[in-house]
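Fold and contact review
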Amino acid sequence: MLTKKIEKTLNDQITLEVYSSSLYLAMGSWFETQRLLNSAQFFYRHSTSEREHMMKLIAYVNREGGHARVPELAAPPASYKSLEAALEMALENEKKVTKAIGAIVELCLATKDYGTFTFLQWYVAEQQEEEGYFQAIVDKIKMIGIKDSRGLFFADKAIGKLLETAPSKA
Ligand code: OFO
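A brief report on the enclosed structure follows. Going along each chain's sequence as written, the residues are numbered from 1 onward. Given that the model is predicted, a residue must reach a pLDDT of at least 70 before its local features are reported, and side-chain atom pairs must reach 80 or more before they are shown or counted; all residues, however, enter totals for whole chains, interfaces and linings. Values reported for side chains reflect all heavy atoms of the structure, with hydrogen atoms and water molecules removed beforehand.

Observations concerning helix H3 (residues 83-110)
Under the convention used in this document: Helix numbering and strand numbering both begin at the N terminus, where a helix is a DSSP run of H or I of at least 4 residues and a strand a DSSP run of E of at least 2. In a helix, the anticipated span is given by 1.5 Å times the number of residues less one.
For H3, which comprises 28 residues, the first-to-last C-alpha distance of 41 Å matches the rise-based estimate of 40 Å (1.5 Å per residue) to within 8%. Downstream of H3 by a residue or two, Lys112 has a phi angle that is positive, lying close to 60°.

Here's what the structure looks like:
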């Protein structure tokens, strides 16, 4: 049985996962309008995995006697300054999510909720992987150094290559 405090923090986490999913969906859509189709696929796929993270939390909260809430969210930005800017924004978002997971883990330990602590270990590992993955993409795109549409073409191609080798979720 979840305490009210843990239930609330898990609901806050659901909000973050929903926002991540909708942010990446918006990014995917924008990339599609820019004809950066690999980047679009990358973000669409990532949006789906964030939705799965949300579903997992909803199932856990309800199973443990709480009530998972679906939040009302502000719309994410519809367009982005550049491919690099969107990737940086995504990386920052992942860092924020990692921090939030860490805070819930700490709360679980402080309140001796070892069940939720164990449940969250999946998210800890997932975030470590995702953050590292986004960081690697940002670094790669910086290395390519986009100066013109040719650079953009190669950057999008590089993201396509990463998609082929990406872990199932990214
Ligand atoms: Fe990448 O955010 Fe979910 O956990």
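A few points about helix H2 (residues 37-63)
Spanning 27 residues, H2 covers 39 Å between terminal C-alpha atoms, matching the ideal 39 Å at 1.5 Å per step. Phi turns positive, to about 90°, at Gly65, one or two residues after H2.

So, the packing of aromatic side chains
Where we set the bar: Ring pairs are drawn from Phe, Tyr and Trp, using the six-membered ring of Trp, whenever the two centres fall within 6.5 Å, and their geometry is named by plane angle: stacked under 30 degrees, edge-to-face over 60, tilted for the rest. Burial here depends on accessible area, computed with a 1.4 Å probe over protein chains only, as a share of the maximum for the residue type. Under 20% is buried, over 50% is exposed, and the range in between is partly exposed. The criterion is that NZ of a Lys, or CZ of an Arg, lies within 6 Å of the ring centre and within 35 degrees of the ring normal, and then a charge sits over that ring.
Within this structure, the stated rule accounts for 13 aromatic pairs. Relative to Phe134, the ring of Tyr24 lies with its centre 5.8 Å away and its plane at 25°, an arrangement referred to as stacked. In this pair, Tyr24 sits in helix H1 (residues 4-33) while Phe134 sits in helix H4 (residues 114-144), placing the two residues 110 residues apart along the sequence. The class for Tyr24 is buried, based on a relative accessible area of 0%. Taking relative accessible area as the criterion, Phe134 reaches 0% and is therefore assigned buried. Here Trp30 and Tyr80 contribute two aromatic rings whose centre-to-centre distance is 5.7 Å and whose plane-to-plane angle is 70°, an arrangement assigned as edge-to-face. On the criterion of sequence distance, the pair formed by Trp30 in helix H1 and Tyr80 in the loop between H2 and H3 is long-range, its members being 50 residues apart. Owing to a relative accessible area of 8%, Tyr80 belongs among the buried residues under this scheme. The rings of Tyr24, Trp30, Phe31, Phe42, Phe43, Tyr80, Tyr133 and Phe134 are connected pair by pair, giving a single aromatic cluster. Here the guanidinium or amino end of Lys56 rests over the ring plane of Trp122, the centre of that ring lying 4.3 Å away.

Side note on the packing of H2 against H4
What counts, and what does not: Axis lines are fitted through C-alpha atoms, for helices just across the contact stretch, and the angle between N-to-C directions can take any value from 0 to 180 degrees. Here is the rule for angles: anything less than 35 degrees is roughly parallel, anything more than 145 is roughly antiparallel, 65 through 115 is roughly perpendicular, and the remaining ranges are oblique. The contact rule is simple, with two residues in contact once any of their heavy atoms fall within 4.5 Å. Note that Gly is not counted as nonpolar here; it falls among the polar residues with everything else outside the nonpolar set of Ala, Val, Leu, Ile, Met, Phe, Trp, Tyr, Cys and Pro and the charged set of Asp, Glu, Lys and Arg.
Contact geometry of H2 with H4 gives a least axis separation of 12 Å together with a crossing angle of 170°. Between H2 and H4, the interaxial angle falls into the category roughly antiparallel. Residues Phe42, Phe43, His46, Ser49, Glu50, His53, Lys56, Leu57 and Tyr60 of H2 lie in contact with H4, whose contacting residues are Gly115, Thr116, Phe119, Trp122, Tyr123, Glu126, Glu130, Tyr133, Phe134 and Ile137. Looking at the contact of H2 with H4 residue by residue, the class counts come to 10 nonpolar, five polar and four charged.

Notes on the pattern of salt bridges
Oppositely charged side chains can form a pair if their charged atoms are brought close together. This is how the line gets drawn: Definition used for salt bridges: Asp or Glu carboxyl oxygen within 4 Å of a side-chain nitrogen of Lys or Arg.
Considering all chains together, one arrives at six salt bridges under this definition. Across the pair Lys8 and Asp12 runs a salt bridge, and its minimum N-O distance is 2.8 Å. Within this pair, Lys8 and its partner Asp12 are both found in helix H1, separated by four residues, close to a single helical turn. The residue Lys95 makes a salt bridge to Glu92 at a minimum N-O spacing of 3.6 Å. Residue Lys95 and its partner Glu92 are both found in helix H3; the two are separated by three residues, about one turn of the helix. Judged by relative accessible area, which is 33%, Lys95 ranks as partly exposed. Glu92 sits in the partly exposed class, given a relative accessible area of 44%.

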